[in-house]
Amino acid sequence: MNLETLSSHRCHGGVQSFHRHASAETGTPMRFAVFTPPGAGPYPVVWFLAGLTCTEENFTVKAGAQRKAAELGLMLIAPDTSPRGEGVADDPAYDMGQGAGFYVDATQPPWAPHFRMRSYIERELPNIVGEVFPADLARQGIIGHSMGGHGALTIALRNPERFAAVSAFAPICSPMNCPWGEKALSGYLGPDRSAWREYDACALIEDGARVAELLVDQGEADPFLETQLKPELLEAACARAGIPLTLRRRPGYDHSYWFIQTFIDDHLRWHAERLKR
């Protein structure tokens, strides 16, 4: 395995490190960040999937999650949001292409050769983490924000046996029913909307996918709330399916990392309780 450590920093008694490797799934170099807490491993793992325009650095630098993760003994893994580099397809808009992988395996040109973020997150990167780091992959949780919230929900719904906990900040709850999602899914997957359903949390639930429970925080001052995020669709889907959903609407909070930073400790405690049962 050609894994390069780009930097490593002492942090809250643990280590925050950044890495790069050649990905077989995307055919590109891929980066990810790891926080290893103090003490003896193996540690339960919490994945964080970031949103549009982000890299592995946004959550790692802005969320302030390491202090609570160190206290709780959680390893944090933050991957990049898409393949990047020369020869990788892109789009001039921020909501398509590099930085906007939507955690799908693309089937359409020009995206199909490299945009395989579903397989990268579900298979390739966990294998690397399990081989190289003191991670207990029998105890995994997943969190995401915005596009990454969509990713966290759909990945957990497709792999409920792997994730004991799943939560999200301001997730795109139904990409099939919002402009961001319709643009991305049609571009990456083509016009057949039936192929989109495995990448839509509400559709997956309607089609029988289940998780034990969900935690979602949503800012009420989020400018994308009504047009793009639509938590009411997830609320209705969970109610019909009998999935316990804790949906916390936060007055005055927007879509930024100030919002995430405010409530990340709550999410990490929630994951730790479920991962340590």
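Up top is the structure.
Residues numbered from 1 in each chain as written. Predicted model: local features only at pLDDT ≥ 70, side-chain atom pairs only at ≥ 80, totals over all residues. Heavy atoms only, no water.

Within the protein chain one finds nine helices and nine strands. What you see for the protein chain is a C-alpha radius of gyration of 17 Å, in line with the 19 Å of a compact globule of 277 residues. If you line up the protein chain on its principal axes, its C-alpha atoms span 50 × 40 × 35 Å. Considering only intrachain contacts with a sequence separation of at least 6, the fraction spanning at least 24 residues in the protein chain is 71%. Accessible surface for the protein chain amounts to roughly 10700 Å². Of this, 50% is attributable to carbon and sulfur atoms. (Helix = DSSP H or I, 4+ residues; strand = E, 2+ residues; numbered from the N terminus. Rg over C-alpha atoms; globule rule 2.2 N^0.38 Å. Contact = heavy atoms within 4.5 Å. Areas by Shrake-Rupley, 256 points an atom, 1.4 Å probe, with all protein chains shown as cover.)

Turning our eyes to something else, we now look at helix H5 (residues 179-189). Residues of H5 that are buried: Trp180, Gly181, Ala184, Leu185, Tyr188 and Leu189. Summarising the axial view, the buried residues of H5 lie within an arc of 105°, below the 170-degree limit, and thus occupy one face. Buried positions along H5 lie against helix H7 (225-229). A positive phi of about 95° marks Gly190, the residue just after H5. (Buried < 20%, exposed > 50% of the residue type's maximum accessible area, 1.4 Å probe, protein only. Arc of directions from axis to C-beta.)

Attention shifts here to the nonpolar core. In terms of nonpolar packing, the biggest core is built from 92 residues, with Phe59, Ile77, Phe102, Ile142, Tyr188, Leu234 and Leu268 touching the most fellow members. If near-sequence neighbours (up to four positions away) are discounted, Leu268 is found in contact with Val46, Ala65, Lys68, Ala69, Leu72, Leu74, Leu76 and Ile143. (Core = buried A, V, L, I, M, F, W, Y, C linked by side-chain atoms within 4.5 Å.)

Residues Gly41 and Pro42 are joined by a peptide bond in cis, for which omega reads 0°. Mapping Pro42 onto the fold places it in the loop between strand E3 (29-36) and strand E4 (43-49). In this chain, Pro109 is followed by Pro110 through a cis amide linkage whose omega measures 0°. Turning to its location among the elements, Pro110 is positioned in the loop between strand E5 (75-79) and helix H3 (117-132). In the Ramachandran plot, His12 falls in the positive-phi region, its phi being about 50° despite a non-glycine side chain. Residue position: His12 is located in the loop between strand E1 (3-11) and strand E2 (14-22).

Our next topic: empty space enclosed by the protein. Overall, the coordinates contain one cavity of 30 Å³ or more when judged by the stated rule. Taken as a whole, the largest cavity holds about 40 Å³ of empty space. Around the largest cavity sit Gln16, Ala33, Val34, Phe35, Phe59, Thr60, Gln66, Leu76, Ile77 and Ala78, which together line it. When residues of the lining of the largest cavity are traced back to their parent elements, those giving at least two are E3, helix H1 (56-62) and E5. Partitioning the lining of the largest cavity into residue classes produces seven nonpolar, three polar and no charged. (1 Å grid on protein atoms, 1.4 Å probe; cavity = no way out; pocket = protein on both sides within 12 Å on 5 of 7 lines; lining within 4 Å. Points joined across faces, edges and corners; volume = space filled by probe spheres on them. Nonpolar A, V, L, I, M, F, W, Y, C, P; charged D, E, K, R; others polar.)

Turning our attention to helix H9 (residues 257-275). The sharpest bend along H9 measures roughly 50° and falls at Phe263. Put simply, Ser256 is the residue that caps the front of H9, since its side-chain oxygen is 3.2 Å from the backbone nitrogen of Trp258. (Bend = angle between axes of the 7 residues up to and from the residue. Polar contact = N/O pair within 3.5 Å; in protein donor to acceptor, adjacent residues only side chain to side chain.)

A few words now on the packing of aromatic side chains. One pass over the structure, following the stated rule, counts 10 aromatic pairs. Aromatic pair Phe32 and Phe133: ring centres 6.2 Å apart, planes at 80°, arrangement edge-to-face. Of this pair, Phe32 sits in strand E3 while Phe133 is found in the loop between H3 and strand E6 (135-145), placing the two residues 101 residues apart along the sequence. You'll find Phe32 and Phe133 in the same group, each marked buried. In this structure, Arg250 packs its charged tip against the face of Phe263, placed 3.9 Å from the ring centre. (Phe/Tyr/Trp six-rings, centres within 6.5 Å; stacked < 30°, edge-to-face > 60°. Lys NZ or Arg CZ within 6 Å of the ring centre and 35° of its normal.)

Taken as a whole and assessed by the stated rule, the structure comprises 25 salt bridges. Its salt-bridge partner being Glu122, residue Arg158 comes within 2.7 Å of it at the nearest N-O pair. Remark: Glu122 occurs in helix H3 and Arg158 occurs in helix H4 (residues 147-158); sequence separation between them is 36 residues. Looking at Arg158, the relative accessible area reads 16%, which means it is buried. (Salt bridge = Lys/Arg side-chain N within 4 Å of Asp/Glu carboxyl O.)

Read across the open sheet, the nine strands follow the order E1-E2-E3-E5-E4-E6-E7-E8-E9; overall the sheet is mixed. Looking at the sheet topology across the chains shown, the edges are occupied by E1 and strand E9 (245-250). The mean angle between the axes of side-by-side strands here comes to 20°, regardless of whether they run parallel or antiparallel. For E6 and strand E7 (residues 163-169), the ladder comprises six bridges, and the chain directions are parallel. Bridge pairing links Gly141 to Ala165 in E7. Together, E4, E6, E7 and strand E8 (214-219) form the strand contacts of H4, whose direction differs from that of E6 by roughly 140°. (Pairing = 2+ DSSP bridges. Axes fitted to C-alpha atoms, helices over the stretch in contact; angles between N-to-C directions.)

The next point concerns the layout of surface pockets. Empty space within the largest pocket amounts to approximately 180 Å³. Class assignment of the residues belonging to the lining of the largest pocket gives a composition of seven nonpolar, six polar and one charged.

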